[in-house]
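# Understanding the architecture of this molecule
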Amino acid sequence: MTGMEAERFTLRDARPEDDPAIAALVIDGFLDKFRPVFGRGMEESVRIMERWVSLEHFSGGVQSFVVEGCEAGEVVASVGVRVSPADDEVMARGLWRALSRNLGFLRAMWATTLLSYPRYSARSSEAYVERLVVAPGFRNQGMARSLLAAAEDLARQKEKRTVGLHVSGNNIPALKLYEDEGYVEVSRQRSLLTARFLKIRDWIYLRKDLSPSVRKEAPL
Ligand SMILES: CC(C)(COP(=O)(O)OP(=O)(O)OC[C@H]1O[C@@H](n2cnc3c(N)ncnc32)[C@H](O)[C@@H]1OP(=O)(O)O)[C@@H](O)C(=O)NCCC(=O)NCCS
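Description of the structure in this document. (Residues numbered from 1 in each chain as written. Predicted model: local features only at pLDDT ≥ 70, side-chain atom pairs only at ≥ 80, totals over all residues. Heavy atoms only, no water.)

A few words now on the environment of Leu-95. Relative to the elements of secondary structure, Leu-95 occurs in helix H5 (residues 88–103). Sequence spacing of Leu-95 and Ala-108 is 13 residues, and the spatial spacing of their C-alpha atoms is 9.7 Å. (Helix = DSSP H or I, 4+ residues; strand = E, 2+ residues; numbered from the N terminus.)

Printed below as a string of structure tokens:
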């Protein structure tokens with residue numbers, strides 16, 4: 001990282017030992033989404049999410065960034081970026097095992113149904129940004145913007161042409177950030193199921209073309 005942000009907080013690549021902290025942040029940041037999916041048991045939710053995050057890192061082609069807090073090992077913000085192909089078999093099997101162990105068969109079926117939104121088909125020319133989250137006490141300091149910039153830098157390094165992501169239609173802060181950063185709506189999915197159970201009716205798919213920034217950075 002360069003510039004002002006780097007002086008105010010430390011943004012770095014996530015390490016395997018950060019997985020539990022990332023999982024806790026994600027559960028906390030998306031509580032309204034995960035509570036109806038995983039039920040009220042917070043411990044179960046965190047265990048499932050820890051497994052999910054580590055599966056993403058080992059088999060999902062995802063790299064994460066974190067922002068450190070003041071205390072050693074404290075992680076206050078994070079984002080994941082899918083830059084390589086995922087091993088879908090391993091991911092699906094691992095996630096199902098974590099869900100069924102912690103929730104039992106029926107609730108695991110239900111969770112799988114809700115978690116199938118938004119649907120996304122990976123493209124090799126695209127980096128996919130997911131689970132961008134900042135701990136409530138650390139918001140409005142530019143951390144999300146910096147994490148998004150780090151994700152885009154990684155995408156450029158990996159020679160991706162676009163960055164894609166999904167955002168729920170009612171997430172105004174995130175929509176504003178993405179719009180500000182040059183993301184444009186490509187399509188939207190509407191789900192009666194998630195409208196009813198997650199209070200999310202629209203899942204908006206946004207994309208940013210990386211080439212203009214590359215041109216901007218080139219000398220003369
Ligand atoms: C969305 C989220 C990541 C923003 O994090 P943040 O660190 O507070 O964001 P930043 O300080 O980097 O703000 C960047 C821009 O986002 C927008 N923004 C952030 N919070 C906002 C709010 N409460 N209302 C409106 N716009 C907001 C603004 O455009 C802001 O730019 P500005 O400060 O120049 O006005 C954070 O609110 C969060 O973790 N929410 C829960 C998880 C989530 O919804 N993640 C997005 C998934 S798609």
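Text resumes after the structure shown.
Okay, the nonpolar core next. Within the largest apolar cluster, 60 residues are counted, with the highest numbers of intra-cluster contacts made by Phe-38, Met-49, Leu-99 and Tyr-178. Ranked by the residues each element gives to this core, the list is headed by helix H7 (residues 143–157), at seven residues. Every residue in contact with Leu-99, bar those within four places of it in the chain, is listed here: Phe-38, Ile-48, Gly-104, Ala-108, Ala-111, Thr-112 and Leu-115. (Core = buried A, V, L, I, M, F, W, Y, C linked by side-chain atoms within 4.5 Å. Buried < 20%, exposed > 50% of the residue type's maximum accessible area, 1.4 Å probe, protein only. Contact = heavy atoms within 4.5 Å.)

A few words now on the environment of Ser-187. Relative to the helices and strands, Ser-187 resides in strand E6 (residues 184–190). Residues Ser-187 and Val-83, 104 residues apart in the sequence, show an inter-C-alpha distance of 21 Å. Each residue touching Ser-187, except ones within four places of it in the same chain, is listed here: Trp-203, Ile-204 and Tyr-205.

Nothing here speaks to function; it is geometry throughout.
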